[in-house]
Amino acid sequence: LIIPSWLEFTQMIDTIFESCRESKEGELLCFYCDLQYLFCREVASYIPQLARQSPHTWGMSICTIDGQRFSLGDSKKNFCLQSVSKAFNYAIVASEIGSHVLHQYVGHEPSGRLFNEICLDSNNMPHNPLINAGAIVVTSMIKPTHSMADRFDFMLKQYRKLAGGGHVGFDNATFLSERDTADRNYALSYYMKEYRCFPDESQVYEKGLREELDLYFQLCSLETNCDTAAVMAATLANGGICPLTTEKCLGSRPCRDILSLMYSCGMYDYSGKFAFQVGLPAKSGVSGIMIVVIPNVMGIALYSPPLDKTGNSCRGVAFCRQLIDQFNFHNYDSL
Ligand code: GLN
């Protein structure tokens, strides 16, 4: 067993989880219940579907690479993957076409800028695949010659493989809202089209951006829960083999590559400090989801909608910092 004393381990996780739920020294008043509640920061509100999420929701799930599972709180509550889809899209596309081909169009560097900023690197490429610019270019490489229906189906099938049979659905209301508030992503994409950032075979040049961006929003709107997201993270921890089904879902190399990128660019403009403090590859999304990967050990999914000023889940980050206080999971803890 990868975690020999499972009971002891899960008891410690329970304590950490509960201490992140509420803070004794909380200074802020909760927007909803007027109680002191340190973590009630702002829930993302740019679309109503996200604004309606309860700030009190707090779920966590763990799946080890040998299939041991443990969940707490709202671990079955559904939410959208949002930017966490960027990590899986990369791993799926890189497994299809090879990381070296993908990286002819997208860089490897943290941008040091906001995730949705209209900027390219000195080669006129998106800085990395985990910001909107890079993720939109990666999306354009998903089966570019196929119909939109087939492209979406292909991705859904891949996500379901990674999830080992867990719930992966589609939230159409979120998709429609994302598309209605897409000016920034359109501006960004037109800018990239001008610089010919998309591969020649992408449909962008002939058919325009509408369908390409639809696919990007559809993948942001994939719906899952902590229980299932933990399995998907565990598949990354396990080199691309789903621990529940033992099916090989991703190439080992793309799996290594996405973990490197998550380590340096996965947590928006907190990525450097997160790598410093927590020392684990992770990816967050505006819905309040976070996945954390402990390579060769386990995947963790955390879900709590209130976000800090860098756009990461407040409780999710607090959980990771305490996890590292209690266990030697930091990449350099062995020194
Ligand atoms: N749908 C969002 C966008 O593209 C993704 C945001 C996120 O999770 N950071 O703007």
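The structure displayed is predicted, hence computed values, not measured ones.

About the criteria used
- Residues numbered from 1 in each chain as written.
- Predicted model: local features only at pLDDT ≥ 70, side-chain atom pairs only at ≥ 80, totals over all residues.
- Near = placed C-beta within 6 Å.
- Nonpolar A, V, L, I, M, F, W, Y, C, P; charged D, E, K, R; others polar.
- Helix = DSSP H or I, 4+ residues; strand = E, 2+ residues; numbered from the N terminus.
- Buried ≥ 20, exposed ≤ 12 C-beta atoms within 10 Å, placed from the backbone.
- Contact = placed C-beta atoms within 7 Å.
- Expected span 1.5 Å × (residues − 1).
- Pairing = 2+ DSSP bridges.
- Axes fitted to C-alpha atoms, helices over the stretch in contact; angles between N-to-C directions.
- Parallel < 35°, antiparallel > 145°, perpendicular 65-115°, else oblique.
- Left-handed = near helix turned anticlockwise from the far one by under 90°.

**Digging into the site of the ligand**
Working step 1: Taken together, Gln82, Ser83, Phe115, Asn116, Asn132, Glu178, Asn185, Cys220, Gly285 and Val286 make up all the residues around the ligand.
Working step 2: Here the shell around the ligand is composed, by residue class, of three nonpolar, six polar and one charged.

**Section: unusual backbone geometry**
Most peptide bonds take the trans configuration, and most residues that are not glycine carry a negative phi.
Working step 1: Residue Lys143 is not a glycine yet carries a positive backbone phi of 35°.
Working step 2: By secondary structure assignment, the location of Lys143 is in the loop between helix 5 (132–140) and helix 6 (148–162).
Working step 3: By C-beta crowding, Lys143 is classed as partly exposed, having 17 other C-beta atoms within 10 Å.
Working step 4: Even without a glycine there, the phi angle at Asn296 is positive, about 65°.

**Considerations on the environment of Glu42**
Working step 1: With respect to the helices and strands, Glu42 occurs in the loop between helix 1 (6–21) and helix 2 (48–51).
Working step 2: Given 14 C-beta atoms within a 10 Å radius, Glu42 is considered partly exposed.
Working step 3: Along the chain, Glu42 and Thr235 lie 193 residues apart, while their C-alpha atoms are 31 Å from each other.
Working step 4: What Glu42 contacts, discounting residues up to four positions off in sequence, is Pro306 and Leu307.

**Topic: helix 14 (residues 314–326)**
Working step 1: Across its 13 residues, helix 14 extends 19 Å between first and last C-alpha, which sits within 8% of the 18 Å expected from 1.5 Å per residue.
Working step 2: For helix 14, the full list of buried residues reads Cys314, Arg315, Gly316, Val317, Ala318, Phe319, Cys320 and Leu323.
Working step 3: Buried residues along helix 14 sit in contact with helix 1, strand 1 (59–64), strand 6 (282–284), strand 7 (289–294) and strand 8 (298–303).

**Some words on the pairing of strand 2 (residues 69–73)**
Working step 1: Here strand 1 pairs with strand 2 via five bridges, running antiparallel. Within strand 2, the position partnered with Gly59 by the bridge is Gly73.
Working step 2: Here strand 1 folds back onto strand 2, and the loop between the two strands holds four residues, one of which, Gly67, carries a positive phi near 85°.

**With respect to the sheet that holds strand 4 (residues 169–170)**
Working step 1: Strand order in the open sheet formed by three strands is 3-5-4, and the pairing between neighbours is antiparallel. The open sheet has two edge strands with one neighbour each: strand 3 (79–80) and strand 4.
Working step 2: Where strand 3 and strand 5 (residues 222–224) come together, two bridges link them in antiparallel fashion. When the bridges of strand 5 are listed, Cys80 appears paired with Glu223.

**Some remarks on the packing of helix 3 (residues 84–97) against helix 5**
Working step 1: Direction vectors running N to C along helix 3 and helix 5 enclose 40°, while the axes themselves pass 10 Å from each other. Compared by their axis directions, helix 3 and helix 5 come out oblique. The hand of the helix 3/helix 5 crossing is left-handed. Between helix 3 and helix 5, the residues in contact are Lys86, Asn89, Tyr90 and Val93 and Ala135, Val138 and Thr139, respectively.
Working step 2: Broken down by class, the residue content of the contact of helix 3 with helix 5 amounts to four nonpolar, two polar and one charged.

**Some words on the sheet that holds strand 7**
Two modes of strand pairing occur in sheets, parallel and antiparallel, and in both the strands are linked by backbone hydrogen bonds.
Working step 1: The strand order across the open sheet built from five strands is 2-1-8-7-6, with neighbouring strands paired in antiparallel fashion. Of all strands in the sheet, those bounded by a partner on one side alone are strand 2 and strand 6. Across the sheet, the axes of successive neighbouring strands diverge by a mean angle of 10°, strand direction being ignored.
Working step 2: Sheet analysis places strand 6 next to strand 7, joined by three bridges and oriented antiparallel. Looking across to strand 7, one finds that Lys283 is bridged to Ile291.
Working step 3: Against the sheet, helix 11 (residues 226–237) makes contact with strand 1, strand 2, strand 7 and strand 8, and its axis sits at roughly 145° relative to strand 8, the strand it touches most.

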